[in-house]
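# Results of the structural survey
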Amino acid sequence: MGVVGYAAILVAALALFIAGFVWQSVRRSAATEPAEYLLEEAVPFVWERLSDRAMDRLDPELVRRILEWNLHFTQVIGPRDLDGPLIIGSGDGIEYVMDRARAAGFEVEPIDIAEIIAIETDYLLEIGAIGAPVEGDPT
């Protein structure tokens, strides 16, 4: 092997080294980007994963409204009105969503709201907005 062969090996090694740095940089920047909750993505995510029973009673627009009401509860109402920690999908949150649905003229089953919130939690996990569940007593 001559000088040209050694030079080719060095160039290939350098290219692999640079590719490794680029790959790490891209991976690190993707992991540090803040999660972005997009209702336009959350609605189809939830709708496509609903049980057949829930799909028979709901439509995508009502799912959207339930997600909006749940967001309002978790971001505004819950932190302001609850004495203890805010727990996503709690009875207080489901009751709030049911009250809002009734006020808007919809009859929604609590089980459907709970299912929507559970699937929304999967969406939040997928976009990196929340981490693994807390082990033990959260207080």
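Just above, that's the structure.
Residues numbered from 1 in each chain as written. Predicted model: local features only at pLDDT ≥ 70, side-chain atom pairs only at ≥ 80, totals over all residues. Heavy atoms only, no water.

The secondary structure content of the protein chain amounts to six helices and zero strands. Across the 139 residues of the protein chain, 25% fall into the buried class. By sequence separation, contacts in the protein chain at least 24 residues apart represent 65% of the contacts at least 6 residues apart. Carbon and sulfur atoms make up 59% of the accessible area of the protein chain, which amounts to about 9,500 Å² in all. (Helix = DSSP H or I, 4+ residues; strand = E, 2+ residues; numbered from the N terminus. Buried < 20%, exposed > 50% of the residue type's maximum accessible area, 1.4 Å probe, protein only. Contact = heavy atoms within 4.5 Å. Areas by Shrake-Rupley, 256 points an atom, 1.4 Å probe, with all protein chains shown as cover.)

This paragraph deals with the environment of E120. Checked against the element boundaries, E120 lands in helix 6 (residues 110-127). With a relative accessible area of 3%, E120 lands in the buried category. For the pair E120 and L67, spaced 53 residues apart in sequence, the C-alpha separation works out to 7.9 Å. When residues no more than four places from it in sequence are discounted, the contact partners of E120 are Y37, V46, L67, N70 and L71.

Moving on, we come to the nonpolar core. By size, the foremost hydrophobic cluster in this structure holds 27 residues, and its most contacted members are L50, L58, I66, L67, I113 and I116. Mapped by element, the contributors of at least two residues to this core are helix 2 (39-49), helix 4 (60-81), helix 5 (91-103) and helix 6. For this core, the leading source of residues is helix 4, giving eight residues. If we skip the residues at most four places from it in the chain, I116 touches V46, L50, L58, V63, I66 and L67. (Core = buried A, V, L, I, M, F, W, Y, C linked by side-chain atoms within 4.5 Å.)

For the pair helix 5 and helix 6, the least separation of the axes is 10 Å and the interaxial angle reads 115 degrees. Considering the relative orientation of helix 5 and helix 6, their crossing is right-handed. On helix 6, the residues touching I94, V97 and M98 of helix 5 are P110, I113, A114 and I117. Within the contact of helix 5 with helix 6, the residues separate by chemical class into seven nonpolar, no polar and no charged. (Axes fitted to C-alpha atoms, helices over the stretch in contact; angles between N-to-C directions. Left-handed = near helix turned anticlockwise from the far one by under 90°. Nonpolar A, V, L, I, M, F, W, Y, C, P; charged D, E, K, R; others polar.)

Let us now look at helix 6. Taking 1.5 Å of rise per residue, 18 residues should cover 26 Å, and helix 6 covers 26 Å from first to last C-alpha, within 8% of that figure. Within helix 6 the residues assigned to the buried category are D112, I113, I116, I117, I119, E120, Y123 and L124. Of the residues flanking the end of helix 6, it is G128, one or two places downstream, whose phi is positive at about 85 degrees. (Expected span 1.5 Å × (residues − 1).)

What follows deals with the environment of E40. In this structure, E40 sits in helix 2. A relative accessible area of 55% places E40 in the exposed class. Expressed as a C-alpha distance, the spacing of E40 and R64, which sit 24 residues apart in the sequence, is 8.7 Å.

In the structure shown here, the tally under the stated rule is five salt bridges. R64 is the partner of E40 in a salt bridge, and the nearest nitrogen-oxygen pair spans 3.6 Å. Of the two residues, E40 sits in helix 2 while R64 sits in helix 4, which places them 24 residues apart along the sequence. We classify R64 as partly exposed; its relative accessible area is 24%. A salt bridge links E68 to R64; the nearest nitrogen and oxygen atoms lie 3.5 Å apart. Highlighted residues: E68 and R64, both in helix 4, separated by four residues, approximately one helical turn. Taken together, the salt bridges that share partners define one network made up of E40, R64 and E68. (Salt bridge = Lys/Arg side-chain N within 4 Å of Asp/Glu carboxyl O.)

Worth remembering: the numbers are spatial, not functional.
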